[in-house]
Each structure stands twice: as C-alpha cells, then as structure tokens.
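# Descriptive analysis of the structure
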Amino acid sequence: MRKLVSQYSNLATLVSEFGNSYEGRAIHAIKISSNPGQNKKTFFFNCGIHAREWITPATCMYIINKMLSGYGQDSSIKAMVDKLDWVIMPVFNVDGYVYTHTGNRMWRKTRSRNSGTNCIGTDPNRNWNYHWAGVGTSSNPCRDTYHGPSPFSEVEVWSVARYLYKNRRSLIGYMDIHAYSQLWMTPWGYKKTLPKDYTELKRVSDIAVGALYNAGYGTSYRVGPSSVIIYENSGATKDWAYGVLGVRYAFALELRDQGRYGFMLPANQITPTGIETFAAIKAMGAALRI
Ligand code: PAY
Ligand code: ZN
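Thresholds applied
Residues numbered from 1 in each chain as written. Chains lettered and ligands numbered in written order. Predicted model: local features only at pLDDT ≥ 70, side-chain atom pairs only at ≥ 80, totals over all residues. Heavy atoms only, no water. Donors = N, O, S within 2.8 Å, 3.2 Å for Na, K, Ca; no water. Tetrahedral: all angles 85-135°; square planar, octahedral: opposite > 155°, others 65-115°. Helix = DSSP H or I, 4+ residues; strand = E, 2+ residues; numbered from the N terminus. Buried < 20%, exposed > 50% of the residue type's maximum accessible area, 1.4 Å probe, protein only. Disulfide = S-S within 2.5 Å. UniProt positions renumbered as here; feature names shortened; annotations may be inferred. Expected span 1.5 Å × (residues − 1). Near = heavy atom within 4 Å. Polar contact = N/O pair within 3.5 Å; in protein donor to acceptor, adjacent residues only side chain to side chain. Areas by Shrake-Rupley, 256 points an atom, 1.4 Å probe, with all protein chains shown as cover. Contact = heavy atoms within 4.5 Å. Pairing = 2+ DSSP bridges. Axes fitted to C-alpha atoms, helices over the stretch in contact; angles between N-to-C directions. Salt bridge = Lys/Arg side-chain N within 4 Å of Asp/Glu carboxyl O.

A separate point is the coordination of the zinc ion (ligand 2). The zinc ion (ligand 2) binds to the protein through His50 (ND1), Glu53 (OE), Glu53 (OE) and His178 (ND1); the donor distances cover 2.0 to 2.4 Å. Bound by 6 donor atoms, the zinc ion (ligand 2) shows angles of 55 to 150 degrees at the metal and therefore irregular coordination geometry. Spacing between the donor residues of the zinc ion (ligand 2) along their common chain follows H-x2-E-x124-H. Residue Glu53 is located in the loop between strand 3 (42-46) and helix 2 (55-70), and its partner His178 is located in strand 5 (residues 171-179); the two are separated by 125 residues in the primary sequence. The pair Glu53 / His178 is uniform in exposure class, with both members buried.

Enumeration according to the criterion identifies 2 disulfides in this entry. With its sulfur 2.1 Å from that of its partner, Cys47 forms a disulfide with Cys60. Its S-S torsion of approximately 75 degrees makes the covalent link between Cys47 and Cys60 right-handed. Remark: Cys60 occurs in helix 2 and Cys47 occurs in the loop between strand 3 and helix 2; sequence separation between them is 13 residues. The burial state of Cys47 is the same as that of Cys60; both residues are buried. Each sulfur of the disulfide joining Cys119 and Cys142 lies 2.1 Å from the other. Note on the Cys119 and Cys142 pair: the S-S dihedral is about 90 degrees, so by sign convention the disulfide is right-handed.

Bringing the UniProt feature "active site" (unreviewed entry) in the chain into the picture now. Per the UniProt record, the feature "active site" (unreviewed entry) sits at Glu254. Secondary-structure assignment places Glu254 in strand 8 (residues 249-255). Residue classification places Glu254 among the buried residues on the basis of a relative accessible area of 8%.

Time to look at helix 9 (residues 270-287). In this model helix 9 runs 26 Å from its N-terminal to its C-terminal C-alpha over 18 residues, within 8% of the 26 Å that 1.5 Å per residue would give. Most of helix 9 sits out of view: 13 of its 18 residues are buried.

Lining the immediate environment of ligand 1, one finds 18 residues, of which Arg108, Asn125, Arg126, Tyr231 and Glu254 sit closest. The side chain of Asn125 places a nitrogen or oxygen atom 2.9 Å from an oxygen atom of ligand 1. Residue Glu254 places a side-chain N or O atom 2.8 Å away from an oxygen atom belonging to ligand 1. The fraction of the free accessible surface of ligand 1 (470 Å²) that becomes covered by protein chains is 93%.

Moving on, we get to the side chain of Gln269. Here Gln269 is to be found in the loop between strand 8 and helix 9. In contact with Gln269, not counting residues within four places along its chain, are Ile55, Arg256 and Tyr261.

Time to look at the sheet that holds strand 8. In any sheet, the strands associate via hydrogen bonds between backbone groups, in a parallel or an antiparallel arrangement. Judged by pairing direction, the sheet is mixed, and its 8 strands sit side by side in the order 1-2-4-3-5-8-6-7 without closing on themselves. Where the open sheet ends on each side, the last strands, each with one partner, are strand 1 (12-15) and strand 7 (222-225). Along the sheet, successive strands turn relative to each other by an average axial angle of 20 degrees, direction set aside. Pairing of strand 3 with strand 4 (residues 85-89), which is carried by 5 bridges, proceeds in the parallel orientation. By the bridge assignment for strand 4, Asn46 is matched with Met89.

Time to look at the pattern of salt bridges. Scanning the entire structure with this criterion turns up 13 salt bridges. For Arg126, the salt bridge is made with Asp123, and the minimal N-O distance between the two is 3.7 Å. Across this residue pair, the class does not change: Arg126 and Asp123 are buried. Taking the shortest distance from any N to any O, the salt bridge between Arg203 and Glu200 comes out at 2.8 Å. Highlighted residues: Arg203 and Glu200, both in helix 6 (residues 198-213), separated by 3 residues, approximately one helical turn. Residue classification places Arg203 among the partly exposed residues on the basis of a relative accessible area of 25%. Three or more residues joined by partner-sharing salt bridges are found here, namely Glu23, Arg25 and Asp95.

Here it is in structure tokens:
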C-alpha cells in the first residue's frame, strides 16, 4: 500500500487515522481522489473483515492497483475516479488475518480476549450498534458469530465506525466484501423486509452483476437482501451504514466461489476474481445516482 501511494502520489494517500488493532497492528486504507478539495462524494470499501476470506484482501488490492494504474490510460477508469472519491481498506481484521497465517487458517473473528473464558475473539460483522445481539448472532464467545460483550467492543470496528460517522455527510456508498457464495447483497440482514430504496439498490446491483458475468468468466451472482439470499444476521456493517448513517448505497459482497474450494480458493483464481469484481465495481460506479 505504501508503495502504491508513493508511486501514484498525485491520486492516492494513505489513510492512517484508524489507529491500531487489539494486538497493536496499524490499520490502513488508501484514499483515491483525482481532484482533492472538490468535496466529492465518497464510496468506502472494506475487505478482510473476516480473517479466513483471503480472496478479499487480494481483490481490494487488485482494485486499488487497477484504479491507480488505469487512471491515465483508460477513460472508463478515469470517469469512475473523477466521479467519486474511493476509500479502500484491504484488511479490516488485521490480527485475525495474521492468525490465519500463523495459527488457524479457518479463523474468522478478531483476536480479543473475552472475560471468563479461554475462547478468543468477536465476530466483527455482528458487533455494530444496530439491532446488536439480535437474530443470527451468538452470545457464546466460543462461537464464530459471537456478537461481543457490547456493541463496538472491538477496537477495529469502533475505529472504522468512527471514521464512517465522521465522514457521513459525504458518504454515498459503503461496501463490505466477504467470501464465499457469489452474492451481491443489500440491506437488510436483520429482517426480511425490503429496505425503502430497494428498487434503486437492485437496479445498481443488477448492472454490477451483469458486468461481472460479462467480464470473461461467466461468473454468476445472485442479488437480494442478505437476510433472504444467505441468512438473517444482526449487528452487521452494511445494516449500520444504511440504517444509522443513512448511506444511500450500502452493499455486502460474497466473492467466489460457490463452495467447491470455499475459503481455500486456489491462487489461480485470484486474478480472475480481481478482474470480474473490478468490472462490477466500475459498472456500479457509473450507475450510481449522485
Ligand atoms: O453482512 O449479511 C452480511 C454478510 C453475511 C456473512 C456473515 O457475516 O455471516 C456471510 C458469511 C461471511 O462471508 O462471513 C458467509 C461465509 C461463507 C461463512 O463464513 O459462512
Ligand atoms: Zn465474511
């Protein structure tokens, strides 16, 4: 990330205000902005909120690299960067991500201690202060969907929430990128009722998954509220962004595959996943009504 920022210093800056994780690692995002000072709307992405979903940090890095290296060469990339500022965080759950390399490849949660048990970690996608501890969460710290002792108990979640809250007036979009299942998901997670702007969210999502399908690999995605197309879950990122901040375009993605390899997606699918996901994001960017 530092290398990209110094190579493309006209377009990119490192956002360092997220501070450190529970175990003391720095959390970073890259802000891509072609005309700083113009007060454009911002679209925020995070990858790697769940540690074992390795294809997601790789895909965020692919997207950053493509936006920066393509800006001067490809008019459609220039258009997406000129339309909006993009803030992209490749690894949200940095401690968990390291632990999947050093301890347990299937780790999902943060690495914070819980009082009264040896079980470690909270699900950072159940820890947000909107319908916290509701359906699809666990109060057992030994479970993968443990919602934590209180909303925003996880320093990583609190720090991203604070950044989003601070920037809420300029925030037009929020996206939380997961794997796997090939889904383009809208609110709500906590209930099966359609959100008020569902027609608009669905219009943009259909354009994006169409571009993804046509990017060369024929990968098909389903579109819909996460409560309907995967399962009900509460205290998740996109519900908070949509329900509390009022971010107009709030999505969560599940990248490849559909379960054949699952979290252990082979390395030869990294670039194809980057190519098709970037095609989807670019089409989404063009379709947004801002
Ligand atoms: O925000 O609705 C959402 C995402 C739902 C995901 C979750 O947080 O549980 C779905 C799972 C994920 O990517 O974490 C799906 C994967 C395959 C899993 O671990 O079950
Ligand atoms: Zn996930």
